Amino acid sequence: IEQLLALHRVSLDIDGSELTVVGLNKAAQEVIADVYDQVAIKHQNIELEGADVKIKGSLSSITILLRNLVDNASKYTPDHGTIRVTVRQKSNHANIRIEDSGPGIPEHEYARVLERFYRVGGDRNDANLVGRGLGLSIVSDIVRRHDGHMHLSRSSELGGLAVEIDFPLVIGMCSDESLV
């Protein structure tokens, strides 16, 4: 139900009136604080690296994006595993990378997992976790609505899934505008 509500909220959210300057590192800190109990139960290590890079966007949508990615990372990472969130500026764009030490997703499934209601292995995947296949499709939609780009790969350091997102940087906004 939460994912369906998030899907509906995102479809209404980005009409221009909700756009503000969003600090990605601060948004990531808040999401990590919100899910920390879930991470602690599994004795997972969660890391946040990088600087506070700002984009023009919808704070509520960016929060949903980060929450879905961190939730998925925690859900599929085994006990005592690692989740890493990195926020940085790369030349002319803001970059977020969420990676984990879970099983990852086979490369041939990358495009499919962005489709609504698709799950690797169907309703009974190898991890035997409940889900509806909406999380990554919602993330993909938010990225598209923010003129961003998303790339899935295997984490070279942690071995699990790595989701990398690029957003346009804030350019030409006054310093007195609302900073989140």
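Everything numeric in this text was worked out from a predicted model, so none of it was measured. (Residues numbered from 1 in each chain as written. Predicted model: local features only at pLDDT ≥ 70, side-chain atom pairs only at ≥ 80, totals over all residues. Heavy atoms only, no water.)

*Asks:* Break down the sheet that holds strand β7 (residues 161-168) for me, citing the residues and quoting the values.
*Replies:* Within a sheet, neighbouring strands are paired by backbone hydrogen bonds and run either parallel or antiparallel to one another. As summarised here, the arrangement of the five strands in space is β2-β4-β5-β7-β6, forming an open sheet in which the pairing is mixed. Looking at strand neighbours, the two that pair on one side only are β2 (45-50) and β6 (149-154), the edges of this open sheet. Here the strands of the sheet are splayed against their neighbours by 15 degrees on average, with no regard to which way each runs. Across the sheet, helix α2 (residues 24-41) touches β2, β4 (82-90), β5 (93-100) and β7, and the angle it forms with β2 is around 175 degrees. (Pairing = 2+ DSSP bridges. Helix = DSSP H or I, 4+ residues; strand = E, 2+ residues; numbered from the N terminus. Axes fitted to C-alpha atoms, helices over the stretch in contact; angles between N-to-C directions. Contact = heavy atoms within 4.5 Å.)

*Asks:* I'd like to hear about the pattern of salt bridges, residue by residue, with values.
*Replies:* Here the structure, examined in full by the defined rule, presents 12 salt bridges. Here D52 ties to K54 by a salt bridge, and the two come within 3.3 Å at their closest N and O atoms. The salt bridge involving D141 is made with R145; its shortest N-O contact spans 2.9 Å. Here R145 and D141 lie together in helix α4 (residues 135-145), a separation of four residues that amounts to about one turn. Via salt bridges that share partners, E47, E49, R84, R88, K90, R97, E99, E157 and E164 belong to a single interconnected network. (Salt bridge = Lys/Arg side-chain N within 4 Å of Asp/Glu carboxyl O.)

*Asks:* I'd like a description of the environment of I55, backed by residues and values.
*Replies:* Assignment of secondary structure puts I55 in strand β3 (residues 54-58). Spatially, the C-alpha atom of I55 lies 8.2 Å from that of T20, the residues being 35 residues apart in sequence. The residues contacting I55, other than those within four sequence positions of it, are T20, V21, V22, L24, I62, A94, F167, P168 and V170.

*Asks:* I'd like a description of the side chain of S74, backed by residues and values.
*Replies:* Relative to the helices and strands, S74 is located in helix α3 (residues 59-76). The exposure class of S74 is buried, given its relative accessible area of 1%. Side chain to side chain, S74 and Q44 meet in a polar contact 2.8 Å long. Discounting residues that sit within four places of it in the chain, S74 has contacts with Q38, V39, K42, Q44 and I83. (Buried < 20%, exposed > 50% of the residue type's maximum accessible area, 1.4 Å probe, protein only. Polar contact = N/O pair within 3.5 Å; in protein donor to acceptor, adjacent residues only side chain to side chain.)

*Asks:* A description of unusual backbone geometry should follow, citing residues and the corresponding values.
*Replies:* A positive phi angle is found at H43, which is not glycine, with a value near 55 degrees. Inspection of the secondary structure puts H43 in the loop between α2 and β2. Residue H43 is classed as exposed on the basis of its relative accessible area of 53%. In this structure, S91 takes a positive phi of about 40 degrees despite not being glycine. Assignment of secondary structure puts S91 in the loop between β4 and β5. The class for S91 is exposed, based on a relative accessible area of 67%.

*Asks:* Quick rundown of the packing of α2 against α3? Include the residues and the values.
*Replies:* Direction vectors running N to C along α2 and α3 enclose 40 degrees, while the axes themselves pass 9 Å from each other. As the angle between them shows, α2 and α3 are arranged oblique. Of the two possible hands of crossing, α2 and α3 adopt the one that is right-handed. Along the contact surface, α2 presents L24, A27, A28, V31, D34, V35, Q38 and V39, while α3 presents L59, I62, T63, L66, R67, V70, D71, S74 and K75. Across the contact of α2 with α3, the residue classes tally to 10 nonpolar, three polar and four charged. (Parallel < 35°, antiparallel > 145°, perpendicular 65-115°, else oblique. Left-handed = near helix turned anticlockwise from the far one by under 90°. Nonpolar A, V, L, I, M, F, W, Y, C, P; charged D, E, K, R; others polar.)

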